[in-house]
Amino acid sequence: MTGNTDSLDLDAEVVRICRELIRFDTSNFGGAADSANERPAADYVMGLLQEVGLEPELFESAPGRANVVVRIPGQDRGLPALVVHGHLDVVPALAEDWSVDPFAGELREGMIWGRGAVDMKDMDAMILTAIRDLVRRGERPRRDLIVAFFADEEAGGRYGAQWLVSEHPELFAGAGEAISEVGGFSTEVDGTRAYLVQTAEKGMAWTGLTAHGKAGHGSQINPENPVARLAQAITRITEHPWGISYRESTTELLQGVAGMSGTAFDPQDPQPQLDALGSAAKWIGSTLSTSINPTVLKAGYKDNVIPSTAQARLDIRTLPGEHHSTLDTVRELAGQDVDVEVDVEFEAMESPADTALVAAMTSLLKEEDPGCEVLPYMLAGGTDNKALSRLGIVGYGFAPLRLPADLDFTGLFHGVDERVPVDALTFGRRVLSRLLAEY
Ligand SMILES: [Zn+2]
């Protein structure tokens, strides 16, 4: 079994792989086929898997847009397979805002710095190290593992998970559950670490508004001005009281935090529990209601010309079960002169928290970090689990990291000076190794 030296070697390996992955600039500028180039990083991942004797496959959805998949047969092939996935792309980084080169993978102050350090080359490195260790030791996991590294997550997965699910669903045959990013990290509640396992994701609808009206001279009184109509529609939509509404994941989380912080949970006022969650509060707060943010405005071309149309974009994030009713309400609020068109949409998901997989995550975390709590939570954003859910695969966010209390972890996602503590990464590698072998 694993001796001390082995464990130190694996700690060194996960750090090395994470730093090397960061050095591949896989910035995803969004949308188009050529908006990112994951191929060199995917070739590197292929090499790491081949080095231990695995036979991974590389799938290009467009030139340079590469995905890597390998299946590791389990001891009991009758059990549903577990998909373990990461994405290789990152959001862009503006180097002049950073204290370090975002693509150098620097190690300083006990942390690995760089774009992707938490989203999600850290988890990619943990998966790779765990899998390589398992295979090198000649062990077989309990169930089939389908290990996937996707392109294009940061732009919705059109050249990554969504494409692979459409074009190569056979790769995921027999899979029941999946684990990936943005869950399993710790936050401190009243001096005790709580690990938040992601069991739900809000839905999204990227939506265009087009207000129609009457073009004309800017000196004339024009009750059909589309710019004014658009502004009124946006005001109605953003001022609409969407209201707090709980799901299983949010209720269980806030009740857990209430217990840990000695506060009473009043569903009408979750503020005491949000306060107790520290820097994670802003993430959790946005999972208690639908949210709508206008993000783009376009109208007109000259000061004294009223245009015939005006346009806006909305980023709508919906709670599980409210996706369609929310969009109906947006259409009503927009009014008869404003067209509403949803261009990109993914419905929300909620996975059960009372499963053997969540129980295994919980008991491993409690063994590796005695005294901790483990609670479910809903992610306000989305992950590639949404694509896999099209195949009936139930997804969770579990990239375990034991974090220092003073680190504003949630603020590092897509943030400046993104970084991950080495201790957190090596802790996560240990937990993940055991989960992948034993579950
Ligand atoms: Zn991510």
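Residues numbered from 1 in each chain as written. Predicted model: local features only at pLDDT ≥ 70, side-chain atom pairs only at ≥ 80, totals over all residues. Heavy atoms only, no water.

**Q** Tell me what's going on with the sheet that holds strand β4 (residues 107-108), and back it up with residues and numbers.
**A** Pairing is antiparallel across the open sheet formed by three strands, whose spatial order is β4-β5-β19. Sheet topology places β4 and β19 (419-421) at the edges, where each strand pairs with a single neighbour. Note that strand β5 (residues 111-113) and β19 share three bridges and pair antiparallel. Across the sheet, the residue bridging to Met-111 is Pro-421, located in β19. Against the sheet, helix α12 (residues 422-438) engages β4, β5 and β19, with an angle of about 70 degrees to β19. (Pairing = 2+ DSSP bridges. Helix = DSSP H or I, 4+ residues; strand = E, 2+ residues; numbered from the N terminus. Contact = heavy atoms within 4.5 Å. Axes fitted to C-alpha atoms, helices over the stretch in contact; angles between N-to-C directions.)

**Q** Provide a residue-level description of unusual backbone geometry, including the pertinent values.
**A** Here the amide bond leading from Asp-119 into Met-120 is cis, since omega sits at -10 degrees, within 30 degrees of zero. Looking at the element boundaries, Met-120 is found in the loop between β5 and α3 (121-136). In this model, Glu-109 sits at a positive phi of 55 degrees, which is unusual for a non-glycine residue.

**Q** So what's going on with the coordination of the zinc ion? Residues and values would help.
**A** Donor atoms from the polypeptide that coordinate the zinc ion comprise His-87 (NE2), Asp-119 (OD), Glu-181 (OE) and Glu-181 (OE), at 1.8 to 2.8 Å from the metal. Between the donor residues of the zinc ion, the gaps in sequence give the motif H-x31-D-x61-E. Of this pair, His-87 sits in strand β3 (residues 81-87) while Glu-181 sits in the loop between β7 (175-180) and β8 (185-189), placing them 94 residues apart in sequence. (Donors = N, O, S within 2.8 Å, 3.2 Å for Na, K, Ca; no water.)

**Q** Summarise the domain arrangement of the protein; cite the residues concerned and give the values.
**A** Along its sequence, the protein is organised into domain 1 (4-182 + 382-438) and domain 2 (203-243 + 290-347). For domain 1 versus domain 2, the distance between C-alpha centres works out to 37 Å. Each partner contributes residues to the interface: domain 1 has four residues there, and domain 2 has four residues. Here domain 1 meets domain 2 over a buried area of about 290 Å², counting both sides, of which 67% is carbon and sulfur. Taken as a group, Gly-156, Gln-162 and Lys-386 account for 81% of the area that domain 1 buries against domain 2, more than any other trio of residues on that side. Where domain 1 meets domain 2, there are zero residue pairs in polar contact (both at pLDDT 80 or more). Its residues placed into classes, the side of domain 1 that touches domain 2 shows no nonpolar, three polar and one charged. (Domains from an automatic or database assignment. Buried area = accessible area lost by both parts, 1.4 Å probe. Polar contact = N/O pair within 3.5 Å; in protein donor to acceptor, adjacent residues only side chain to side chain. Nonpolar A, V, L, I, M, F, W, Y, C, P; charged D, E, K, R; others polar.)

**Q** Describe the packing of aromatic side chains, with residues and values.
**A** Applying the stated rule across the entire model yields nine aromatic pairs. Ring geometry for Phe-185 against Tyr-377: centres 5.8 Å apart, planes inclined by 75 degrees, an arrangement best described as edge-to-face. With Phe-185 in strand β8 and Tyr-377 in strand β17 (residues 373-379), this pair connects stretches of sequence that are 192 residues apart. Note on Tyr-195 and Phe-427: the rings are 5.9 Å apart at their centroids and 20 degrees apart in plane angle, and the pair reads as stacked. With a gap of 232 residues between them, Tyr-195 in strand β9 (residues 192-201) and Phe-427 in helix α12 connect regions that are remote in the sequence. (Phe/Tyr/Trp six-rings, centres within 6.5 Å; stacked < 30°, edge-to-face > 60°.)

**Q** Go over the pattern of salt bridges, please, and point to the residues and values.
**A** Using the criterion set out here, one finds 27 salt bridges in the structure. Taking the shortest distance from any N to any O, the salt bridge between Glu-106 and Arg-108 comes out at 3.0 Å. Within this structure, Glu-367, Glu-368, Arg-430, Arg-434 and Glu-438 form a network of salt bridges that share partners. (Salt bridge = Lys/Arg side-chain N within 4 Å of Asp/Glu carboxyl O.)

**Q** Give a detailed account of the environment of Ile-131, specifying residues and quantitative values.
**A** Its place among the elements puts Ile-131 in helix α3. Residues Ile-131 and Pro-294 lie 163 residues apart in sequence; the distance between their C-alpha atoms is 43 Å. Ignoring anything within four residues of it in the chain, the contact list for Ile-131 reads Leu-49, Leu-54, Ile-72, Leu-145, Val-147 and Leu-436.

**Q** Go over α3 with me, naming the residues and quoting the values.
**A** In this model α3 runs 22 Å from its N-terminal to its C-terminal C-alpha over 16 residues, within 8% of the 22 Å that 1.5 Å per residue would give. Most of α3 is tucked away, with 15 of its 16 residues classed as buried. Where α3 terminates, the next one or two residues include Gly-138, which has phi positive at roughly 70 degrees. (Expected span 1.5 Å × (residues − 1). Buried < 20%, exposed > 50% of the residue type's maximum accessible area, 1.4 Å probe, protein only.)

**Q** Go over helix α2 (residues 39-51), please, and point to the residues and values.
**A** Taking 1.5 Å of rise per residue, 13 residues should cover 18 Å, and α2 covers 18 Å from first to last C-alpha, within 8% of that figure. What α2 keeps buried is the set Ala-41, Ala-42, Tyr-44, Val-45, Met-46, Leu-48 and Leu-49. One or two steps after α2, the chain reaches Gly-53, where phi turns positive at roughly 100 degrees.

**Q** Residues and numbers for the UniProt feature "domain: Peptidase M20 dimerisation" (unreviewed entry) in the protein, please.
**A** Under the UniProt annotation, the feature "domain: Peptidase M20 dimerisation" (unreviewed entry) is placed at residues 199-325. Helix makes up 33% of residues 199-325 and strand 28%, whereas the separation of the span's terminal C-alpha atoms amounts to 22 Å. (UniProt positions renumbered as here; feature names shortened; annotations may be inferred.)

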